[in-house]
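Each chain, written out:
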Amino acid sequence: MKKETDSVHVTQPHLPPLEEFQGYLEKIWESKILTNKGPYHQQLEEELCKYLGVKYISLFANGTLALITALQELKITGEVITTPYSFVATTHSLWWYNIKPVFVDIDPETCNLDPEKIESAISPKTSAILPVHVYGNPCNVERIKEIADIYGLKVVYDACHTFGVTINGEPVLNFGDLSVMSFHATKAFNTFEGGAIISHDEVTKKRIDNLKNFGFAGETKVVAPGINGKMNEIQAAMGLLQLKYIDSVIEKRKQIVRKYRRLLKNINGLSYLEDFPGVKHCYSYFPIFIDKEEFGMSRDALYEKLKQHNIHGRRYFYPLISQFPSYRGLDSALPGKSPVSERITEEVICLPAYPDLEDKQLELIVEIINKA
Ligand SMILES: *Cc1c(COP(=O)(O)O)cnc(C)c1O
């Protein structure tokens, strides 16, 4: 097989100049403070609050520990309404508390939890809604709030795909009781691994900070069976450095997504999501959707075709979370229960989209799709 390019993957982490990182490392070596709320950790919390337009942030070692801790903080139990169209960590977080996920279908226009389908899934055991801003595109936060308020439910947003996303100027992270972020290497903003919980008052932030530190609320006082979820100083230093470049990273992502949209317009059977009105996006993914009949080739055939050219898109999200063995047997996981998700999971490919993707690589990807 002729390879026109080196391997191109769905994403490639943005790395700041190594020399700049060395300066941070030297400071860490001098201070010998490696973790436990060190100076870089403190500084990153302050700078992220400013950048993101949020009041309180608690940094974590990764997004999964942040999700698990968010549920612990809100004392979520029983049943939680969530989406099958996400990364498995969303629902896995519920497993740690023996919480039953109740899968509700998505809206085909946004790929996010369909608010109009939430009410019919509420039972006496429902304690919360766990929606995901899929691909960084905001959920219908107003409608979800209305429903949560009527039924007295908590809302925890899985905001692992969003960074700096706003709706009419309002940070999307300010909706819900808590929002959870991930700074994993594959996300738009990375600290190698990392995560965070956004909260809206000081008391809650303090409790979350205790929970991520084994539940310590003082030298000898342990108030809850907390976990070790702390972000270390090397991760925090990386975050501070990444933050210097994030605006240009998001701008480059935007240009790439715009170029894809321009070049992939008017292909029968291929669709993609447009910008949402009033929303400032972070362009963390570029999913396309293949209608087999109209496109004349299945999603999987196109996926394989790209792979033959060393282009590695990813089928985010395929399979659905509800299709994994861990969730088999749940009523809401049965085939036919989430028809929109079940269709879209067979249609989606996320194309390579990251700041260093070269024009000629992007054009080659488009050419392969066009030929197909
Ligand atoms: C990445 C991701 C997570 C998990 O975050 P980690 O930092 O990798 O633990 C959870 N939910 C979604 C939707 C994600 O994309």
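For the structure given in this document, a descriptive report is provided here. (Residues numbered from 1 in each chain as written. Predicted model: local features only at pLDDT ≥ 70, side-chain atom pairs only at ≥ 80, totals over all residues. Heavy atoms only, no water.)

### Observations regarding the sheet that holds strand β13 (residues 286-290)
So, point 1. Across the sheet, which stays open at both edges, the 3 strands sit in the order β11-β13-β15 with antiparallel pairing between neighbours. Whereas interior strands pair on both sides, the edge strands pair on one side only; in this sheet they are β11 (270-272) and β15 (348-351). For this sheet, the mean inter-axis angle between neighbouring strands, taken without regard to orientation, is 35°.
So, point 2. Pairing analysis gives 4 bridges linking β13 to β15, with the strands arranged antiparallel. Across the sheet, residue I288 finds its bridge partner in β15, namely I349. (Pairing = 2+ DSSP bridges. Helix = DSSP H or I, 4+ residues; strand = E, 2+ residues; numbered from the N terminus. Axes fitted to C-alpha atoms, helices over the stretch in contact; angles between N-to-C directions.)

### Some words on the pairing of strand β2 (residues 56-60)
So, point 1. Of all 5 residues in β2, 4 are buried; the element is thus mostly enclosed.
So, point 2. Looking at chain direction, β2 and strand β10 (residues 195-199) are connected through 5 bridges and run antiparallel. Its bridge partner lying in β10, I57 is registered against I198. (Buried < 20%, exposed > 50% of the residue type's maximum accessible area, 1.4 Å probe, protein only.)

### Looking at the nonpolar core
So, point 1. Counting 80 residues, the largest nonpolar core has L48, F163, Y260, L264, I288, L351 and I369 as the members making the most contacts within it.
So, point 2. Element by element, the count of residues in this core is highest for helix α7 (residues 233-263), at 12 residues.
So, point 3. When residues of this core are assigned to domains, at least three fall in each of domain 1 (18-104 + 111-242) and domain 2 (246-371).
So, point 4. With residues up to four places along the chain from it excluded, the contact list for Y260 reads F286, L351, P352, A353, L357, L362, I365 and V366.
So, point 5. If you look at the next biggest cluster of nonpolar residues, it comprises 20 residues, including F60, A70, L74 and L130. (Core = buried A, V, L, I, M, F, W, Y, C linked by side-chain atoms within 4.5 Å. Domains from an automatic or database assignment. Contact = heavy atoms within 4.5 Å.)

### Notes on the sheet that holds strand β6 (residues 154-158)
So, point 1. Strand order in the open sheet made by the 7 strands is β2-β10-β9-β6-β5-β3-β4, with mixed pairing throughout. Looking at strand neighbours, the two that pair on one side only are β2 and β4 (100-103), the edges of this open sheet. The sheet shows a mean angle of 25° between the axes of neighbouring strands, taken without regard to direction.
So, point 2. Relative to strand β5 (residues 126-130), strand β3 (residues 79-82) runs parallel, the two being bridged by 4 bridges.

### Structural notes on the site of the ligand
So, point 1. Around the ligand, 14 residues are found, and the nearest of them are T64, D158, H161, S182 and K187.
So, point 2. S182 places a side-chain nitrogen or oxygen 2.7 Å from an oxygen atom of the ligand.
So, point 3. Side-chain polar atom of K187 to an oxygen atom of the ligand: 3.1 Å apart, as the coordinates give it.
So, point 4. Within the complex, the protein chains bury 93% of what would otherwise be the 380 Å² of accessible surface of the ligand.
So, point 5. Listed by contribution, the elements that provide at least two residues to the shell around the ligand are α3 (63-73) and α4 (89-95). (Near = heavy atom within 4 Å. Polar contact = N/O pair within 3.5 Å; in protein donor to acceptor, adjacent residues only side chain to side chain. Areas by Shrake-Rupley, 256 points an atom, 1.4 Å probe, with all protein chains shown as cover.)

### Notes on the packing of aromatic side chains
So, point 1. A full pass over the atoms with the stated rule returns 17 aromatic pairs.
So, point 2. Both rings, one in Y135 and one in F317, keep their centres 6.3 Å apart while their planes meet at 15°; by these two values the pair is stacked. With Y135 in the loop between β5 and α5 (141-151) and F317 in the loop between β14 (311-312) and α10 (339-344), this residue pair connects regions lying 182 residues apart in the sequence.
So, point 3. Take Y135: its relative accessible area is 3%, and that puts it in the buried class.
So, point 4. Geometrically, the ring pair formed by F163 and F183 is edge-to-face, given 6.3 Å between the ring centres and 75° between the ring planes. One end of the pair, F163, is in the loop between β6 and β7 (166-167); the other, F183, is in the loop between β9 (178-182) and β10, and 20 residues separate them in sequence. Here F163 and F183 have matching classes, each one buried.
So, point 5. A network of ring pairs unites the aromatic residues Y85, Y135, Y285, Y316 and F317 as a single cluster.
So, point 6. Of note, K212 hangs over the ring of F60, and the distance from its end group to the ring centre comes to 5.7 Å. (Phe/Tyr/Trp six-rings, centres within 6.5 Å; stacked < 30°, edge-to-face > 60°. Lys NZ or Arg CZ within 6 Å of the ring centre and 35° of its normal.)

That is the geometry; function is a separate question.
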